[in-house]
Amino acid sequence: MIFLSQSIKRTLVRIEQTIEKDIQNGIVYPSTIPVNGIRYVGTNTTIRQLHFFKAFKKSLEEGTNKLMQCDDIDREYAMLDIIDAIWNFYEPFTADQKLIIQNDSIIDDALIKRFKTFIENNREDDITKSLDNFLQNPCTSSWGQDDQWCGVRVFKLVETFNEYKNILNQNGIYDITTNKFCKEKSKIRLAFLRISEDEIIKEKGLYRDYIRFVDKYLFSRSVDITSAIQKYKMWYDIRSTGFYYIYIPDTQI
C-alpha cells in the first residue's frame, strides 16, 4: 500500500476549497470529469464535482481507492497514477486557481506593517504600486523575469538600507528593483535569492533517488519522462523557492 505525501494531502485540501469557493461564487463548470463513464453537464455540475471530489479524496485518505492498493514494486506507478487522477480535477480551474493550489507564499508580519504605513504617503510611486499588487497576489504573479516560476515565495523585511547593502554582498543575492525602474529613484528596494529545484532535491536527501527515478523512466515507452519528473517533484514537494529581501523606509522615524 502507498501512503500519501504531505504535499499531496495539501493539494487535496486546496482543490476542495477551490471547488467550494466556485460554488459560493456561482461558477458553473462546463462539465464534470467522467464518473462511471458519465460526464455530467448543467447548472449543478459544480456541486456534483464537489461531491465526486470529496468521495475521491476520502478514498485516498482512507486507503480504499484501488490506486492505493499496490505492492512495493508498483509503488512508483501508483504514485504517478494517483497524481494523474488528481490532475483530472484541475480541468475546470482557471490558470490562477491552479497556481494558488500549487504555490505558497510567506510574508513577514513586520513587512506588511511597515509597508502599510509607507504606502499611505507613497501611493503614486510606481514601485509602491507594483509591490502592493505583488504582495496581494504572490502565488499568481512575479516581480519580473528573474523570479518567474517560483513555487514558494518568502518575503522578508530589511530594516535599514545599510543592512540591505550588506545583504547584496551575500552569494547569489542580487537587486531586482532595476528590472522595472531606475534604482536611483526608488525608495523601496528588492533583493532576490533563488533556491533551485536541484538544491531542494539535495537538501531533502533525494538526489540519488531522483537520479534513479529519471534513469528508470528515461526511455520508457509507457511513461512520459517530462510528466513523470513533474509528478515526482509534486509528490516530494520539490519547488523552486524565492527569497525577497525588501527594504522599505521607516516613515515613522
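Placed above this text is the structure.
Only a predicted model underlies this, so the values are computations on that prediction, with no experimental measurement involved.

What about the packing of helix 1 (residues 6–24) against helix 2 (residues 45–62)?
Here is step 1: Helix 2 packs onto helix 1 with a crossing angle of 165 degrees between their chain directions and a minimal axis gap of 10 Å. Relative to helix 2, the element helix 1 is oriented roughly antiparallel. For the element pair helix 1 and helix 2, the recorded crossing hand is left-handed. Seen from helix 1, the contacting residues are Leu12, Val13, Ile15, Glu16, Ile19, Glu20, Asp22 and Ile23; seen from helix 2, they are Thr46, Ile47, Gln49, Leu50, Phe53, Lys54, Phe56, Lys57 and Leu60.
Here is step 2: Split by residue class, the contact of helix 1 with helix 2 holds 10 nonpolar, 2 polar and 5 charged.

Observations concerning the pattern of salt bridges
Here is step 1: Overall, the coordinates contain 15 salt bridges when judged by the stated rule.
Here is step 2: Note that Asp237 and Arg10 form a salt bridge whose closest N and O atoms lie 3.2 Å from each other. Taken together, the residues Asp237 in the loop between helix 10 (225–235) and strand 5 (241–247) and Arg10 in helix 1 connect sequence positions 227 residues apart.
Here is step 3: Assessed through its relative accessible area of 22%, Arg10 is described here as partly exposed.
Here is step 4: For Glu61, the salt bridge goes to Lys57, with nearest N and O atoms at 2.9 Å. In this pair, Glu61 and Lys57 both sit in helix 2, 4 residues apart, roughly one turn of the helix.
Here is step 5: Lys57 gets classed as buried once you look at its relative accessible area, which sits at 13%.
Here is step 6: Where salt bridges share partners, they join Arg10, Arg14, Asp104, Asp237 and Arg239 into one cluster.

Some remarks on the side chain of Ser141
Here is step 1: Relative to the helices and strands, Ser141 resides in the loop between helix 6 (126–136) and strand 2 (152–158).
Here is step 2: A polar atom in the side chain of Ser141 sits 2.5 Å from the backbone oxygen of Asn137.
Here is step 3: Those residues within four positions of Ser141 in sequence are excluded, and the remaining contacts are Phe134 and Arg153.

Some words on the sheet that holds strand 4 (residues 189–195)
Here is step 1: As summarised here, the arrangement of the 5 strands in space is 1-2-5-4-3, forming an open sheet in which the pairing is mixed. Edge positions in the open sheet fall to strand 1 (104–107) and strand 3 (174–175), since each of these has one partner strand only.
Here is step 2: Two strands pair when backbone bridges link them, and strand 1 and strand 2 are joined in this way by 4 bridges, in the parallel orientation. Residue pairing across strands places Ile107 opposite Phe155, the latter belonging to strand 2.
Here is step 3: Packing against the sheet, helix 7 (residues 161–168) makes contact with strand 2, strand 3, strand 4 and strand 5, and its axis sits at approximately 30 degrees to strand 4.

Quick look at the pairing of strand 2
Here is step 1: In terms of burial, strand 2 is a largely internal element, 6 of the 7 residues being buried.
Here is step 2: Pairing between strand 2 and strand 5: 7 bridges, direction parallel. Within strand 5, the position partnered with Arg153 by the bridge is Gly242.

What counts as what
- Residues numbered from 1 in each chain as written.
- Predicted model: local features only at pLDDT ≥ 70, side-chain atom pairs only at ≥ 80, totals over all residues.
- Heavy atoms only, no water.
- Axes fitted to C-alpha atoms, helices over the stretch in contact; angles between N-to-C directions.
- Helix = DSSP H or I, 4+ residues; strand = E, 2+ residues; numbered from the N terminus.
- Parallel < 35°, antiparallel > 145°, perpendicular 65-115°, else oblique.
- Left-handed = near helix turned anticlockwise from the far one by under 90°.
- Contact = heavy atoms within 4.5 Å.
- Nonpolar A, V, L, I, M, F, W, Y, C, P; charged D, E, K, R; others polar.
- Salt bridge = Lys/Arg side-chain N within 4 Å of Asp/Glu carboxyl O.
- Buried < 20%, exposed > 50% of the residue type's maximum accessible area, 1.4 Å probe, protein only.
- Polar contact = N/O pair within 3.5 Å; in protein donor to acceptor, adjacent residues only side chain to side chain.
- Pairing = 2+ DSSP bridges.

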